[in-house]
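Inside the fold
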Amino acid sequence: MTIATYLINLDGSDARLASATRQLRTAGIEFTRVPAFDGRGLNVAQVAEYDEGAAMRVMGRPLRGAEIGCYYSHLDCARRFLESGADHALVLEDDMRIASDASDVLDAVLGWLAQNRVQWDMINIGARRVKYASPLSSIGRYKILKAHYYPMRATGIVWSRSGARTFVEEHRIISAPVDMFFRDRQCRVDRGLAVAPPLVSTTGAESEIDGPGGTRRGHGGRSLFYGLIKQRRILRNRWLAIRHMRQWRAGRAATTREDR
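About the thresholds
- Residues numbered from 1 in each chain as written.
- Predicted model: local features only at pLDDT ≥ 70, side-chain atom pairs only at ≥ 80, totals over all residues.
- Heavy atoms only, no water.
- Helix = DSSP H or I, 4+ residues; strand = E, 2+ residues; numbered from the N terminus.
- Rg over C-alpha atoms; globule rule 2.2 N^0.38 Å.
- Buried < 20%, exposed > 50% of the residue type's maximum accessible area, 1.4 Å probe, protein only.
- Areas by Shrake-Rupley, 256 points an atom, 1.4 Å probe, with all protein chains shown as cover.
- Lys, Arg positive; Asp, Glu negative; His and termini not counted.
- Charge placed at Lys NZ, Arg CZ, Asp CG, Glu CD.
- Patch = residues over 30% accessible without salt bridge, like charges linked within 9 Å, V, L, I, M, F, W, Y side chains within 5 Å.
- Salt bridge = Lys/Arg side-chain N within 4 Å of Asp/Glu carboxyl O.
- 1 Å grid on protein atoms, 1.4 Å probe; cavity = no way out; pocket = protein on both sides within 12 Å on 5 of 7 lines; lining within 4 Å.
- Points joined across faces, edges and corners; volume = space filled by probe spheres on them.
- Nonpolar A, V, L, I, M, F, W, Y, C, P; charged D, E, K, R; others polar.
- Pairing = 2+ DSSP bridges.
- Phe/Tyr/Trp six-rings, centres within 6.5 Å; stacked < 30°, edge-to-face > 60°.
- Lys NZ or Arg CZ within 6 Å of the ring centre and 35° of its normal.
- Axes fitted to C-alpha atoms, helices over the stretch in contact; angles between N-to-C directions.
- Parallel < 35°, antiparallel > 145°, perpendicular 65-115°, else oblique.
- Left-handed = near helix turned anticlockwise from the far one by under 90°.
- Contact = heavy atoms within 4.5 Å.
- pLDDT = per-residue confidence, 0-100.

**What to know about the overall build of the protein chain**
Counting its regular elements, the protein chain contains seven helices and ten strands. Here the C-alpha atoms of the protein chain give a radius of gyration of 19 Å, agreeing with the 18 Å that 2.2 N^0.38 yields for 260 residues. When burial is assessed residue by residue, the protein chain has 48% of its 260 residues classed as buried. Of the accessible surface of the protein chain, which amounts to about 13,000 Å², a share of 49% is contributed by carbon and sulfur atoms. A gap of 9 Å separates the mean positions of the 40 positive and 28 negative side-chain charges of the protein chain.

Right under this line is the structure:
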């Protein structure tokens with residue numbers, strides 16, 4: 001079982017690259033640096049795959065160049081992974097802090113999932129909180145969770161080949177930030193997992209893409225119904241998560257009774 005590791009790093013972000021390199025070497029993880037798509041100064045109207053109308057329907061606001069850049073960076077990693085011969089991919093953003101035992105824990109998690117034939121698309125290993133989740137197993141102090149309400153943030157994710165292939169093949173337009181896209185999809189298909197406590201956290205450093213020269217999120221361009229659109233999205237995903245959680249637990253309980 002092989003894991004290809006990709007580190008998304010903006011050209012010129014040398015301090016972040018140095019910090020991530022030290023951490024990954026300490027953890028015994030070899031990696032490939034993937035140049036981040038730089039969305040600073042991007043004229044989003046000229047991005048053919050960006051659909052502002054769809055973004056307004058999904059998010060209630062237009063996307064920033066930085067969000068489109070982040071989406072393309074993750075898409076690039078998924079494509080690289082599919083072109084490799086690796087079984088799984090670990091994708092990290094460069095503002096991460098990784099646990100020293102991350103490599104051993106990931107090997108154990110992926111081994112357990114394979115042994116138990118669990119079908120999954122992606123694992124969020126950077127979630128501080130995981131809501132509406134069902135426990136699958138434990139690896140030492142870490143829990144493997146069925147994340148019915150897939151966590152936000154894409155600081156650290158693990159792809160299966162089927163999950164990455166679906167992401168690449170179903171990509172047509174960009175209408176949401178990539179972490180929101182992941183949540184929306186996994187809440188629909190219920191193939192997302194998480195590890196808790198997280199193996200990866202953020203350093204808390206200010207985004208270099210959103211810093212000087214970038215475009216911070218503001219209220220400009222928001223729909224008059226922004227609040228309603230946001231609440232509708234949240235409520236829809238939570239309803240889906242609760243429905244999947246109940247169905248999954250009912251199925252698990254039925255299987256347990258049959259095995260007695």
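**Comments concerning a nonpolar patch on the surface**
Side chains of Leu 224, Phe 225 and Leu 228 sit close together on the surface and give an oily, nonpolar patch of about 420 Å² of accessible area. As for its position among the elements, Leu 228 is in helix 7 (residues 226-259).

**Comments concerning empty space enclosed by the protein**
Using the criterion set out here, one finds one cavity of 30 Å³ or more in the structure. A volume near 60 Å³ is recorded for the largest cavity. As for the largest cavity, its lining consists of Asp 121, Met 122, Trp 159, Gly 163, Thr 166, Phe 167, Phe 181, Phe 182, Arg 185 and Gln 186. Counting residues per element, the ones that place at least two in the lining of the largest cavity are helix 5 (161-170) and helix 6 (178-189). A per-element tally of the lining of the largest cavity places helix 6 first, with four residues. Each residue belonging to the lining of the largest cavity can be placed in one class, and the counts come to five nonpolar, three polar and two charged.

**Quick look at the pairing of strand 6 (residues 133-139)**
When strand 6 meets strand 7 (residues 142-147), the two strands line up antiparallel, connected through six bridges. Paired with Ser 138 across the strands is Lys 143, a residue of strand 7. Where strand 6 hands over to strand 7, the hairpin turn is made up of two residues, of which Gly 140 adopts a positive phi near 60°.

**Brief notes about the packing of aromatic side chains**
Evaluated as defined, the whole model comprises nine aromatic pairs. Taking 5.5 Å as the distance between ring centres and 10° as the angle between the ring planes, the aromatic pair formed by Trp 159 and Phe 167 counts as stacked. We classify Phe 167 as buried; its relative accessible area is 4%. Grouping aromatic residues by their ring pairs yields a cluster made of Tyr 71, Trp 159, Phe 167, Phe 181 and Phe 182. Its guanidinium or amino end placed over the ring of Phe 81, Arg 161 lies 5.0 Å from that ring's centre, counting from NZ or CZ. It is Arg 222 that lies over the ring of Tyr 226; its NZ or CZ is 3.8 Å from the centre.

**Considering the packing of helix 5 against helix 6**
Their axes nearest at 13 Å, the elements helix 5 and helix 6 cross at an angle of 110°. The orientation of helix 5 with respect to helix 6, classified from their angle, is roughly perpendicular. Where helix 5 crosses over helix 6, the handedness of that crossing is right-handed. Residues Thr 166, Phe 167 and Glu 170 of helix 5 pack against Val 178, Phe 181, Phe 182 and Arg 185 of helix 6.

**Things to note about the environment of His 171**
On the secondary structure map, His 171 appears in the loop between helix 5 and helix 6. The spatial distance from the C-alpha of His 171 to the C-alpha of Ile 234 is 22 Å, given a sequence separation of 63 residues.

**Topic: the side chain of Asp 95**
Relative to the elements of secondary structure, Asp 95 occurs in the loop between strand 3 (88-93) and strand 4 (96-98). Setting aside its immediate chain neighbours within four residues, Asp 95 contacts Arg 16, Thr 155, Ser 201, Thr 202 and Thr 203.

**Overview of the confidence of the model for the protein chain**
Model confidence for the protein chain is summarised by a mean pLDDT of 92, while 92% of its residues fall at 70 or above. Scored below 50 in pLDDT, residues 209-217 makes 19 contacts in the model with residues more than four places away or belonging to other chains.

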